[in-house]
Amino acid sequence: IRQRLAKADKIEAVSHLSAAISHEIRNPLTTVKGFLQLLGEQNYPDEKKKEFIHISIQELNRAEEVINDYLTFARPAFEKVEDIDVEKELNQVLNVLNPLANLNGVEIKKKYTPGLVISGDRSKFIQGFINLIKNGLEAMPNGGELIVQTFRTGNVVHILVKDSGIGMTEEQIARLGEPYYTTKGQQGTGLGMMVTFSIIRAMRGKVEVKSQVGIGTTFHIRFSNIVDDK
Ligand code: ADP
Ligand code: MG
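The rules behind each value
- Residues numbered from 1 in each chain as written.
- Chains lettered and ligands numbered in written order.
- Predicted model: local features only at pLDDT ≥ 70, side-chain atom pairs only at ≥ 80, totals over all residues.
- Heavy atoms only, no water.
- Helix = DSSP H or I, 4+ residues; strand = E, 2+ residues; numbered from the N terminus.
- Buried < 20%, exposed > 50% of the residue type's maximum accessible area, 1.4 Å probe, protein only.
- Contact = heavy atoms within 4.5 Å.
- Areas by Shrake-Rupley, 256 points an atom, 1.4 Å probe, with all protein chains shown as cover.
- Near = heavy atom within 4 Å.
- Polar contact = N/O pair within 3.5 Å; in protein donor to acceptor, adjacent residues only side chain to side chain.
- Nonpolar A, V, L, I, M, F, W, Y, C, P; charged D, E, K, R; others polar.
- Pairing = 2+ DSSP bridges.
- Salt bridge = Lys/Arg side-chain N within 4 Å of Asp/Glu carboxyl O.
- Core = buried A, V, L, I, M, F, W, Y, C linked by side-chain atoms within 4.5 Å.

Undergrad: Could you clarify how one ought to interpret the overall build of the protein in this entry?
TA: The helix and strand inventory of the protein stands at 7 helices and 8 strands. Counting all 230 residues of the protein, 41% fall into the buried class. Considering only contacts within the protein whose residues lie at least 6 apart along the sequence, 75% involve residues at least 24 apart. Here the protein has roughly 12600 Å² of accessible surface; of this, 53% comes from carbon and sulfur atoms.

See the structure below:
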């Protein structure tokens, strides 16, 4: 079992996050525009036309994936500070991901301690956990179990996300959160964990990862910005 704490310096490297993302979206758009121009200018053989269209759709899918990882819930320009009802928002995350869980035959188990509230930007919290839990589900293409657990010790709220998926090697754990690092080829953006880490860091949270190839992965997140009963 390997462990590490999320390193702040890694995220420092992506302080130009928005610039990187707009680049990631602009590239595919430029490609698609180019192909549409070609199609408009000349009468290509059907074979070629099909190829141009195929590549264009792939490129648009890619742009869509980047937007999913980055912008679905988190509006980068605004940083709100609000009460986050941990159970409620985690349930919302699991609702969004329910179709993927069903598709992969994953059973989701919730082990919540009720009444935990922390402070932060609710939509970013949701985005961060969508990216994290989505990876867990994607690590179990042939089914498995995903456990989402919450509890409190002192002034710390703990959130654990545990999957019984493919797991990670030491090298993979070390590279987690590096921009564009993915083992999913065309299916991956390598942006999800970078976004998750930067959101958790903005909330002054800590992430610990334990993973074993073929056994599964556990993310343990600790938040100290607890909101006590008013
Ligand atoms: P993407 O999902 O687009 O590949 P991410 O930044 O979300 O990009 O994840 C980066 C990589 O980290 C993944 O490609 C995968 O190799 C690894 N990873 C993240 N979470 C898990 C997990 N729960 N189980 C196994 N591998 C994971
Ligand atoms: Mg991902």
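Undergrad: Would you mind going over the site of ligand 1 with me for this structure?
TA: Residues in contact with ligand 1 amount to 19 residues; listed here are only the nearest, N135, T182, T183, K184 and T189. Within the side chain of T183, an N or O atom sits 2.5 Å from an oxygen atom of ligand 1. One nitrogen or oxygen atom from the main chain of T189 is found 2.7 Å from an oxygen atom belonging to ligand 1. Alone, ligand 1 offers 540 Å² of accessible surface; in the complex the protein occludes 96% of this. At the level of elements, α5 (122-138) and α7 (192-202) are the ones that each hand at least two residues to the shell around ligand 1. Here the shell around ligand 1 is built from residues that sort into 6 nonpolar, 11 polar and 2 charged.

Undergrad: Sorry if this is basic, but what is going on with the pairing of strand β5 (residues 144-153) here?
TA: Remember that side chains alternate between the two faces of the sheet whenever the strand is regular. Sheet analysis places strand β3 (residues 106-111) next to β5, joined by 6 bridges and oriented parallel. Bridge pairing links V106 to G144 in β5. For β5 and strand β6 (residues 156-163), the ladder comprises 8 bridges, and the chain directions are antiparallel. Residue T150 lies in a different strand from β6, and its bridge partner there is I159.

Undergrad: What is the right way to look at α7 in this model?
TA: Because each turn of an α-helix spans 3.6 residues, side chains separated by three or four positions end up pointing in the same direction. When you tally the buried positions in α7, you get 8 out of 11 residues, the bulk of the element. Listed in full, the buried residues belonging to α7 are G192, M193, M194, V195, T196, F197, I199 and I200. Of the residues trailing α7, R204 is marked for its positive phi of about 55°.

Undergrad: Sorry, what's going on with the pattern of salt bridges here?
TA: One pass over the full model with this rule turns up 12 salt bridges. When the shortest N-O distance is used, the salt bridge between E145 and K109 registers 2.5 Å. Taken as a pair, E145 in strand β5 and K109 in strand β3 lie far apart in primary sequence, 36 residues in all. Overall, the relative accessible area of 32% leaves K109 in the partly exposed class.

Undergrad: Just to check I follow, could you spell out the environment of N155 for this structure?
TA: Structurally, N155 can be placed in the loop between β5 and β6. Residue N155 is classed as partly exposed on the basis of its relative accessible area, which comes to 46%. For the pair N155 and I199, spaced 44 residues apart in sequence, the C-alpha to C-alpha distance is 20 Å. Setting aside residues up to four positions removed in sequence, N155 forms contacts with F223, S224, I226 and D228. At a separation of 3.3 Å, a polar atom in the side chain of N155 contacts the side chain of R152.

Undergrad: Would you take a moment to explain the nonpolar core for this structure?
TA: Side chains that are nonpolar tend, in soluble globular proteins, to be buried together. Formed by 45 residues in total, the largest nonpolar core has its most connected members in F125, F129, I133, L146, F219 and F223. Where this core is concerned, the elements lending two or more residues are α3 (46-71), α4 (86-104), α5, β5, β6, α7, β7 (206-212) and β8 (216-223). A total of 7 residues in this core trace back to one element, the largest contributor, which is α5. Not counting residues up to four positions away in its chain, the partners in contact with L146 are L94, V106, E107, I108, K109, I133, G136, L137, M140, V161, K162 and D163.

Honestly, that's just the spatial picture; any functional story needs more than this.
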